[in-house]
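# Structural overview for review
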Amino acid sequence: MDDSEGHSRRRFLAAGLAAGGALASAPLAKAASGDPAILEVQPWANELGDGVDASGYGLPSPFEAKVQRRNVPWLTADTTTSINFTPLHALDGIITPNGVCFERHHSGVARVDPADYRLMVHGLVERPLVFTLQDLMRFPRHNKIYFLECTANSGMEVRSAQLNGVQYTHGMVHNVMYTGVLLKDILAEAGVKTEGKWLLAEGADAAAMTRSIPLEKVLDDCMVAFKMNGEALRAENGYPARLVVPGWEGNMWIKWLRRLEVGDKPWHQREETSKYTDLMPDGSARRFTWEMDAKSVITSPSPQAPILHGKGHTVISGLAWSGRGTIPRVDVTLDGGINWHKARIDGPSLDYALHRFYFEFDWDGSPLLLQSRAHDSTGYVQPTKDALRAIRGTGSTYHNNGIQTWAVNGDGEVLNVEVS
Ligand SMILES: Nc1nc2c(c(=O)[nH]1)N[C@H]1C(S)=C(S)[C@@H](COP(=O)(O)O)O[C@H]1N2
Ligand SMILES: [Mo]
């Protein structure tokens, strides 16, 4: 149901909540009386402030020190081959700051000296070539904002609601502006032979992360990136150069990229056979499930970001994305999917990038079941977790893009739950 339909709108209002874009009639702030925080001179106004940043590289305000990448101890026993998650509950807009982009490493962070960095291009090419970083930077540069989502994002939630925080349920995604060069231009330099149909990309880390990518995608929009959000890639994100495979599984975005081989068929490496294939209920496995399906989640309120202001005007904020294009529409429900309302998308709407949505409403303090549902530019609509399970079972934890539910109680506390 949609709130453009009078019927569901009436039912919704009958439940005692006024939804929609208009501001609530109650004022958003207190009258200015008796509050020492405004009436008295505060310490920071009484003395000279700190000098300029002595470290030479700035950090967030100390009051934001809790906004950190965090891991799930029972998921990753050691921190070397670990995952740590983006604190989505504390962020807004669409860009993920470099210092809190989630990390996923199969053999830890490789420390590659840019002076010794090399990228080899070989296989079915006219001229096998080796590029230094300086060589790569002489190709025309492009700036593109893309999300990167790990295929296993929300994987722990496939069987049931598990983790109390959007950071842990959905934090294997980040969205940055990459500066880099097109693989199309690099391969043109080497000259792809007509039999060339696939590209193998390999990392320089001890895992030598390796994936086969169809040449059609490679020549369409894949990049070798050396900057994220304007500065050099962080070591943990593939410094000095990584592959960018817009909209496709995070594991294909090879970090510390060292080798590109052109071939006429896929290589069937470990990371595309025993890993990153999707086990179906009949025992068969889907492979090459490259595109990330449309997905959305409410980032605030969420278990780590409860409603602190009590009832009245309340802002819901969330993210939506699709590996097949843009997100023209997001719906939000406050009652577990009985009534749906159109959210407001704010900020850029770019292919294969995070979109930010908001829904403002007047909360009467009664319990809520919050969900969001993304529609992508192909017309695909984000499914429920039950709908996914009906088709896929629970044997595979990859590609869980099911609708997330947050239960808000009368105190504004939020829990990860499921409704069926
Ligand atoms: N060389 C190399 N590339 C890699 C990996 C790796 O372990 N080694 N992990 C992959 C996986 S599974 C994901 S989800 C992304 C994570 O990228 P990030 O650490 O920049 O978030 O990198 C991919 N590229
Ligand atoms: Mo991943």
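Worth saying up front: this structure is predicted, and the values here are computed from it rather than measured.

### Examining the overall build of the chain
Tallying secondary structure elements over the chain gives seven helices and 24 strands in all. For 420 residues, the compact-globule formula gives about 22 Å, and the C-alpha radius of gyration of the chain, at 24 Å, lands near that figure. In terms of principal-axis extent, the alpha carbons of the chain reach across some 75 × 65 × 40 Å. Considering only contacts within the chain whose residues lie at least 6 apart along the sequence, 71% involve residues at least 24 apart. With the model as given, the accessible surface of the chain reaches about 19,400 Å², and the carbon-plus-sulfur share is 54%. Looking at the chain, you have 42 positive and 49 negative side-chain charges, and the mean spots of the two groups are 4 Å apart.

### Comments concerning the pairing of strand β10 (residues 223–228)
Among the six residues in β10, five count as buried, and that is most of the element. Note: strand β7 (residues 173–182) against β10, five bridges, orientation antiparallel. Looking at β10, one finds that Y178 is bridged to M228. Taken together, the three bridges between β10 and strand β12 (residues 242–244) define a ladder with antiparallel strand orientation. If you follow M223 over to β12, its bridge partner there is V244. Pairing of β10 with strand β11 (residues 231–232) involves two bridges; the strand directions are antiparallel.

### Some words on the packing of aromatic side chains
Applying the stated criterion across every chain, the model contains 11 aromatic pairs. With centroids separated by 6.3 Å and ring planes inclined at 40 degrees, the aromatic side chains of Y146 and Y352 adopt a geometry described as tilted. Here Y146, found in strand β6 (residues 141–149), pairs with Y352, found in the loop between β20 (344–346) and β21 (355–363); they are 206 residues apart in sequence, far enough to count as distant. Taking 6.1 Å as the distance between ring centres and 20 degrees as the angle between the ring planes, the aromatic pair formed by F359 and F361 counts as stacked. Classification of F359 by relative accessible area gives buried; the value is 4%. On the basis of relative accessibility, which here comes to 2%, the residue F361 falls in the buried class. Here the aromatic residues W198, W248, F288 and W290 are joined through ring pairs into a cluster of three or more. The side chain of K217 reaches across the aromatic face of Y352, ending 5.2 Å from its centre. A cation over a ring is seen here: R373 above W340, with NZ or CZ 4.1 Å from the ring centre.

### Section: the state of the cysteines
In the structure shown here, the tally under the stated rule is zero disulfides. Left unpaired, C101 is separated from the closest cysteine sulfur, that of C150, by 14 Å. Residue class for C101 comes out buried when judged on its relative accessible area of 0%.

### Notes on the site of ligand 1
Inspection of the region around ligand 1 gives 21 residues, with F102, H174, D205, R242 and K255 positioned closest. For ligand 1, an oxygen atom lies 2.7 Å from a polar atom in the side chain of H174. Here a nitrogen atom of ligand 1 and a side-chain polar atom of D205 are 2.7 Å apart. In the complex, 100% of the free accessible area of ligand 1, which totals 530 Å², lies under the protein chains. Across the shell around ligand 1, the residue classes tally to eight nonpolar, seven polar and six charged.

### Some thoughts on the nonpolar core
The biggest cluster of nonpolar side chains holds 92 residues, and the ones touching the most others in it are Y178, L183, I186 and L257. Counting contributing residues per domain, this core is built from domain 1 (8–18 + 292–417) and domain 2 (98–286), each supplying no fewer than three. When residues no more than four places from it in sequence are discounted, the contact partners of L183 are L199, V218, C222, M223, V224, L243 and L260.

### With respect to the confidence of the model for the chain
When the pLDDT values of the chain are averaged, the result is 92; 93% of them are 70 or greater. Within the model, pLDDT remains below 50 along residues 1–22, and this stretch shows 44 contacts once partners closer than five positions in the same chain are excluded.

### Quick notes on the sheet that holds strand β13 (residues 257–263)
Overall, mixed pairing links the five strands, which are arranged β5-β4-β13-β8-β9 in an open sheet. On the outer flanks of this sheet lie β5 (129–131) and β9 (210–214), each paired with one strand and no other. Each neighbouring strand pair of the sheet contributes to a mean axis angle of 20 degrees, computed without reference to strand direction. Summarising the sheet, strand β4 (residues 119–123) and β5 pair through three bridges and their orientation is antiparallel. By the bridge assignment, L119 is partnered in β5 with F131.

### Quick notes on the domain arrangement of the chain
Partitioning the chain into domains gives domain 1 (8–18 + 292–417) and domain 2 (98–286). When each unit is reduced to the centre of its C-alpha atoms, the spacing between domain 1 and domain 2 is 29 Å. Opposite the 35 residues of domain 1 that make contact, domain 2 presents 39 residues. Across the interface of domain 1 and domain 2, roughly 3,100 Å² is buried in total on both sides, 56% from carbon and sulfur atoms.

### Some details on empty space enclosed by the protein
Under the counting rule described, the total for this entry stands at five cavities of 30 Å³ or more. Of the voids in this model, the largest cavity is the one considered here, and its volume is about 240 Å³. Classifying every residue of the lining of the largest cavity by side-chain character gives eight nonpolar, six polar and five charged. A volume near 100 Å³ is recorded for the second largest cavity. Together, E157, V158, K385, L388, R389, R392, G393, S396, Y398, H399 and N400 line the second largest cavity. Partitioned by chemical class, the residues of the lining of the second largest cavity number three nonpolar, four polar and four charged.

The rules behind these values
Residues numbered from 1 in each chain as written. Chains lettered and ligands numbered in written order. Predicted model: local features only at pLDDT ≥ 70, side-chain atom pairs only at ≥ 80, totals over all residues. Heavy atoms only, no water. Helix = DSSP H or I, 4+ residues; strand = E, 2+ residues; numbered from the N terminus. Rg over C-alpha atoms; globule rule 2.2 N^0.38 Å. Contact = heavy atoms within 4.5 Å. Areas by Shrake-Rupley, 256 points an atom, 1.4 Å probe, with all protein chains shown as cover. Lys, Arg positive; Asp, Glu negative; His and termini not counted. Charge placed at Lys NZ, Arg CZ, Asp CG, Glu CD. Buried < 20%, exposed > 50% of the residue type's maximum accessible area, 1.4 Å probe, protein only. Pairing = 2+ DSSP bridges. Phe/Tyr/Trp six-rings, centres within 6.5 Å; stacked < 30°, edge-to-face > 60°. Lys NZ or Arg CZ within 6 Å of the ring centre and 35° of its normal. Disulfide = S-S within 2.5 Å. Near = heavy atom within 4 Å. Polar contact = N/O pair within 3.5 Å; in protein donor to acceptor, adjacent residues only side chain to side chain. Nonpolar A, V, L, I, M, F, W, Y, C, P; charged D, E, K, R; others polar. Core = buried A, V, L, I, M, F, W, Y, C linked by side-chain atoms within 4.5 Å. Domains from an automatic or database assignment. pLDDT = per-residue confidence, 0-100. Axes fitted to C-alpha atoms, helices over the stretch in contact; angles between N-to-C directions. Buried area = accessible area lost by both parts, 1.4 Å probe. 1 Å grid on protein atoms, 1.4 Å probe; cavity = no way out; pocket = protein on both sides within 12 Å on 5 of 7 lines; lining within 4 Å. Points joined across faces, edges and corners; volume = space filled by probe spheres on them.

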